[in-house]
Each structure stands twice: as C-alpha cells, then as structure tokens.
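Commentary on secondary and tertiary structure
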Amino acid sequence: QVQLVESGGGLVQPGGSLRLSCAASGRSFSVKTMGWYRQPPGKQRELVATITSGGSTNYADAVKGRFTISRDNARNMVYLELNSLKPEDTAVYYCRSEIQYWGQRTVFQYWGQGTQVTVSS
C-alpha cells in the first residue's frame, strides 16, 4: 500500500549534475534500507546505491566518487545527487524501499515508477 514517487530526472549535458528525489507515502510503516537502481535501454536493471536507516551507504563501482545518496528519515525521502555525468549514465532510475508495517515482522520491498535521466550533448 506504500507508494514511491521519483522526481528530478531530465536531460543534462556530459559533466553536468542532477538531483533525484523519492518520497514514500502511506501510513503506519517504517522505512528501512532505501536505494536507487537504473536500467539503461536494452540492459538489465542494476544497483546504483543504497542507504540504511542509520545512514550507511554503498555504491556501485561505476558511480563511486560521482554520485551521493542521502535520506531524510523524518520525511521518508531518499535522494541521489548525480555529478560529473557521463552518457553511459543514461537510464531510467528507480527508487526502491524496504518497508516494515507497524506491529509486523515481515519486510516488504516497493519500487517507484522510474524517472528518465538522459546525458547527451
């Protein structure tokens, strides 16, 4: 029942920057690990970065030093700052969130609908 909505995608030149946002909406839940994945045209979806509820981060080798993931626990939001963008960063970027409803032990995974990032001259 939780919904994830991404925003901030668009067209940017090589070397440019973007900031993606993802908001989790719903009731009576806690957000655990959140992350960003991307899927270039014709390729499989791949992990970009994750961040735990405590702020521990993990990045794919391809984006280390260029992208930064962060979150606002009070607002149930996660962000991805994309810097020094390259054409190979072009993809649909998806937000993912682990959700635990209050009073339950099961952890569910939710996905956003995706936002397009295009890096081109």
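Above this text sits the structure in question.
Here the structure is a predicted model, which is why all the values come from computation and not from measurement. (Residues numbered from 1 in each chain as written. Predicted model: local features only at pLDDT ≥ 70, side-chain atom pairs only at ≥ 80, totals over all residues. Heavy atoms only, no water.)

**Re the overall build of the protein**
The condition that has to hold: Starting at the N terminus, helices and strands are each numbered in turn, a helix being any DSSP run of H or I of at least four residues and a strand any DSSP run of E of at least two. Throughout, radius of gyration means the C-alpha value; the globule benchmark is 2.2 Å times the number of residues raised to the power 0.38. The cut-offs for exposure are 20% and 50% of the maximum accessible area for each residue type, with area from a 1.4 Å probe on protein chains only; residues under the lower value are buried, those over the upper are exposed, and the others partly exposed.
In terms of regular secondary structure, the protein is built from zero helices and 11 strands. Listed N to C, the secondary structure of the protein is β-β-β-β-β-β-β-β-β-β-β in terms of helices and strands. The globule rule puts the C-alpha radius of gyration for 121 residues at 14 Å, and the 14 Å found for the protein is close to it. Seen through its C-alpha atoms, the protein measures out along the principal axes to roughly 50 × 25 × 25 Å. Out of the 121 residues belonging to the protein, those deemed buried represent 43%.

**With respect to the side chain of Glu6**
We apply this condition: Here Asp and Glu are counted as negative and Lys and Arg as positive; His is not counted, and neither are the chain ends. Salt bridge, as applied in this entry: a Lys or Arg side-chain nitrogen positioned within 4 Å of an Asp or Glu carboxyl oxygen. Here a polar contact is recorded for every N or O atom pair within 3.5 Å, except that within protein the pair must consist of a potential hydrogen donor and a potential acceptor, and residues adjacent in sequence are included only if both atoms are side-chain atoms. Any two residues having at least one pair of non-hydrogen atoms within 4.5 Å are treated as being in contact.
Turning to its location among the elements, Glu6 is positioned in strand S1 (residues 3-7). Despite its burial, Glu6 pairs with no opposite charge, the nearest such side chain being Arg45 at 7.7 Å. In terms of polar contacts, Glu6 uses its side chain to reach the backbone amide nitrogen of Cys95, at 2.8 Å. For Glu6, the contacting residues outside a window of four places in its chain are Ser21, Cys22, Trp36, Tyr93, Tyr94, Cys95, Gly112, Gln113, Gly114 and Thr115.

**Digging into the nonpolar core**
The following threshold applies: Throughout, nonpolar core names a set of buried Ala, Val, Leu, Ile, Met, Phe, Trp, Tyr and Cys residues whose side chains join them through atoms within 4.5 Å.
By size, the foremost hydrophobic cluster in this structure holds 30 residues, and its most contacted members are Trp36, Leu80 and Tyr93. Counting residues per element, the ones that place at least two in this core are strand S3 (18-25), strand S4 (29-39), strand S5 (46-51), strand S7 (67-72), strand S8 (77-82), strand S9 (91-101) and strand S11 (115-119). A total of five residues in this core trace back to one element, the largest contributor, which is S9. Setting aside residues up to four positions removed in sequence, Tyr93 forms contacts with Glu6, Leu20, Trp36, Tyr37, Arg38, Val48, Phe67, Leu80, Leu82, Gly114, Thr115 and Val117.

**Description of the state of the cysteines**
Rules: Only a pair of cysteine sulfur atoms within 2.5 Å qualifies as a disulfide here.
The tally for this structure, following the rule as stated, stands at one disulfide. With its sulfur 2.1 Å from that of its partner, Cys22 forms a disulfide with Cys95. In this structure the cystine formed by Cys22 and Cys95 twists about its S-S bond by roughly -80°; its chirality is therefore left-handed. Of this pair, Cys22 sits in strand S3 while Cys95 sits in strand S9, placing them 73 residues apart in sequence. Classification of Cys95 as buried rests on a relative accessible area of 0%.

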